[in-house]
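# Coordinates in review
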Amino acid sequence: MSISTEGAVYGCLGIGAFLAATLPRLLSRLPVSVPIVFLAAGVVLYLTPLPLPAFDPVTDRVWVHHLTELCVIVSLMGAGLAINRPFGWRPWASTWRLLGVAMPLTIGATAIAAWGLLGWPVSVALLVAAVLAPTDPVLASEVRVGEPSAAKNDEDEVRFALTSEAGLNDGLAFPFVLAAVALAAAGGNWTGGWLTHWVWSDVLVRIAVCVAVGLAMGLLLGRVLFRSRSRSLRLAEQGEGFVALAATFLAYGVAEALHGYGFLAVFVAACALRRSEHSHGYHQVMHGFVEQIERLLMALLLFGVGAYVASGGLAALTWKGAAVAVLLHLLIRPASGWLAQLRGPGRPDERAATSFFGIRGIGSLFYLAYACGEGDFGPYEREMWAVVVFAVLTSVVAHGAAAAPVTSYLDRRSERSRPDPGSRTGKAPEPG
């Protein structure tokens, strides 16, 4: 008796949901991350004779676009709610350095590598560089901050820098993606009127809109949830976790309706909501709820990436395309991250870890699906997908395997550097 496609799909979904719930604890001390397992599961299952549906992000671009979009905005809400450190110029110094220095350097160097090695037009090289620019809040669970707590300064520099960077650069990559689309439409001509429009509209106005929307939504929801005169609206007292989805969709929807960047608006809204009542336990409820949804979506998408790889999705990948991805992970991101953090906060080993863990993932898949729907990159589409998927694949494996040992080492170093409670500086004077 043959197995139906519908039955095989639901069976795989059930196993995936069970693994999404159990694997984080089972793998917590092993050099194997949850994303690696789901990626491998997709490869293995699609190599079996099970009647599973085909997965191709080129032909299935629309649903890939929206599913990755949903996964990223849910993850951004969780990341913003989890950050305990107060917002400011000096407390977030690592973040500003990574965004202002490392991100532009990474885009420029990756575009040059793609243009020089692959011989792509500048617009195509810029697009792939912009797509691979944002670090990923979805796949970085092992190296991001934990759940919300009442403490304001209990986050180590590496986890904070990587979480806050991923929260903001997922939205700040959008102007560069739009620049590549506009450059392609202009036939590679830099002197057209599109450049002025890009600087004014796509950079200045749209970023200002999404920051304003995010702040307004976060503060408004914070006032309603925690301080509303109506007890029925003070949902913080009732522990309704799915309100986090309302905050996510409201911030994203309003920002997109006003032609802002919804990704950035969601993260700003989450940070503003967190600041409204920093120590309230309701943030843990909301964070836990969105984390569970994020884990399920991540499992589904990485399973799809594995299926794409097993189905021959990397057939268009050349050694030069693979070299661009390897250079990004082993040279471009580490070097640009290190330069950005010179004389910055943290120990040298912490700055090195922050530079290395430039994890690429679901956000890159979203941006490529979006750009392919907005511009005409037809002759290069298959090869671009192969390069980006290979970059995500290598990031999942390399960063996932290194996360546990590296963070354990950093935690031990931090523990040893703390003052000894029994030392002269750490022990209170004896009474009498």
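One can find the structure itself at the top, above this paragraph.
As the structure is a computational prediction, the values presented were derived from the model and not from experiment.

Let us now look at the overall build of the protein chain. Scanning the protein chain for helices and strands turns up 15 helices and zero strands. Rg of the C-alpha trace for the protein chain: 22 Å, near the compact-globule value of 22 Å for 432 residues, within the 12% margin. For the protein chain, the spread of C-alpha atoms along the principal axes amounts to about 80 × 65 × 50 Å. Here the protein chain holds 432 residues, and the buried ones make up 52% of them. Of the roughly 19,100 Å² of accessible surface on the protein chain, 65% is carried by carbon and sulfur atoms.

A few words now on the side chain of S164. Note that S164 resides in helix α6 (residues 157-172). Ignoring anything within four residues of it in the chain, the contact list for S164 reads I83, W92, T95 and F267.

Within the largest apolar cluster, 129 residues are counted, with the highest numbers of intra-cluster contacts made by L127, M384 and W385. The leading source of residues in this core is helix α15 (residues 381-417), at 13 residues. Setting aside residues up to four positions removed in sequence, W385 forms contacts with P57, V58, V64, Y308, L365, L368, A369 and C372.

With that settled, consider a nonpolar patch on the surface. Taken together, the side chains of I112, W115, V122, W190, L195, V199, W200, L204 and V205 present a nonpolar region at the surface, about 890 Å² in accessible area. Elements that contribute at least two residues to the nonpolar patch include exactly α4 (93-118) and α8 (194-227). Per-element tally for the nonpolar patch: the top contributor is α8, with five residues. Residue position: W200 is located in helix α8. A relative accessible area of 58% places W200 in the exposed class.

Right, let's get into the pattern of salt bridges. All chains considered together, the criterion is met by ten salt bridges. A salt bridge links E277 to R227, with the nearest nitrogen and oxygen atoms 3.3 Å apart. With a gap of 50 residues between them, E277 in the loop between α10 (262-276) and α11 (282-310) and R227 in helix α8 connect regions that are remote in the sequence. The closest approach of N and O atoms between E350 and R347, which form a salt bridge, is 3.5 Å. R347 gets classed as buried once you look at its relative accessible area, which sits at 18%. Connected via shared salt-bridge partners are R347, D349, E350 and R413.

Below, the discussion takes up helix α12 (residues 319-340). Over its 22 residues, α12 runs 30 Å from end to end, which matches the ideal 32 Å to within 8%, given 1.5 Å per residue. A bend of about 50° at L328 is the largest found in α12.

So, on to the packing of α4 against helix α5 (residues 122-131). Interhelical geometry of α4 versus α5 gives an angle of 135° and a closest axis separation of 8 Å. In terms of their interaxial angle, α4 and α5 are classed as oblique. The two elements α4 and α5 cross, and the hand of that crossing is right-handed. Between α4 and α5, the residues in contact are I107, T110, A111, A114 and W115 and V122, A125, L126 and A129, respectively. Here the contact of α4 with α5 is composed, by residue class, of eight nonpolar, one polar and no charged.

Most peptide bonds take the trans form, and the phi angle of most residues other than glycine is negative. Despite not being glycine, H259 has its phi angle at roughly 65°, a positive value. Mapped onto the secondary structure, H259 falls in the loop between α9 (243-257) and α10. Judged by its relative accessible area of 57%, H259 is exposed. A positive phi angle is found at R343, which is not glycine, with a value near 60°. Mapped onto the fold, R343 is located in the loop between α12 and α13 (348-356). Accessibility expressed as a relative area gives 82% for R343, which makes it exposed.

What follows concerns the environment of G214. Mapped onto the fold, G214 is located in helix α8. With relative accessibility at 0%, the residue G214 sits in the buried group. When the C-alpha positions of G214 and E69 are compared, they lie 17 Å apart, and in sequence the two are 145 residues distant. Sequence-distant contacts of G214, defined by excluding residues within four places in its chain, comprise A265, V268, A269 and A272.

The next subject is the environment of I107. The topology assignment puts I107 in helix α4. With 210 residues separating them along the chain, I107 and L317 place their C-alpha atoms 21 Å apart. Setting aside residues up to four positions removed in sequence, I107 forms contacts with L126, A129, A133 and F176.

Summed over all chains, the structure comprises 21 aromatic pairs. Here W92 and F160 contribute two aromatic rings whose centre-to-centre distance is 5.2 Å and whose plane-to-plane angle is 85°, an arrangement assigned as edge-to-face. A residue pair is termed long-range when its members are at least 10 positions apart, and W92 in the loop between α3 (61-82) and α4 and F160 in helix α6 qualify at 68 residues. Like F160, W92 is buried. Centre to centre, the rings of F226 and Y282 are 6.1 Å apart; their planes meet at 75°, and the pair counts as edge-to-face.

Looking at the element boundaries, E350 is found in helix α13. Exposure remark for E350: the relative accessible area of 9% places this residue in the buried category. When neighbours within four sequence positions are excluded, E350 is seen to be in contact with E157, V158, L410 and S414.

About the criteria used
Residues numbered from 1 in each chain as written. Predicted model: local features only at pLDDT ≥ 70, side-chain atom pairs only at ≥ 80, totals over all residues. Heavy atoms only, no water. Helix = DSSP H or I, 4+ residues; strand = E, 2+ residues; numbered from the N terminus. Rg over C-alpha atoms; globule rule 2.2 N^0.38 Å. Buried < 20%, exposed > 50% of the residue type's maximum accessible area, 1.4 Å probe, protein only. Areas by Shrake-Rupley, 256 points an atom, 1.4 Å probe, with all protein chains shown as cover. Contact = heavy atoms within 4.5 Å. Core = buried A, V, L, I, M, F, W, Y, C linked by side-chain atoms within 4.5 Å. Patch = residues over 30% accessible without salt bridge, like charges linked within 9 Å, V, L, I, M, F, W, Y side chains within 5 Å. Salt bridge = Lys/Arg side-chain N within 4 Å of Asp/Glu carboxyl O. Expected span 1.5 Å × (residues − 1). Bend = angle between axes of the 7 residues up to and from the residue. Axes fitted to C-alpha atoms, helices over the stretch in contact; angles between N-to-C directions. Parallel < 35°, antiparallel > 145°, perpendicular 65-115°, else oblique. Left-handed = near helix turned anticlockwise from the far one by under 90°. Nonpolar A, V, L, I, M, F, W, Y, C, P; charged D, E, K, R; others polar. Phe/Tyr/Trp six-rings, centres within 6.5 Å; stacked < 30°, edge-to-face > 60°.

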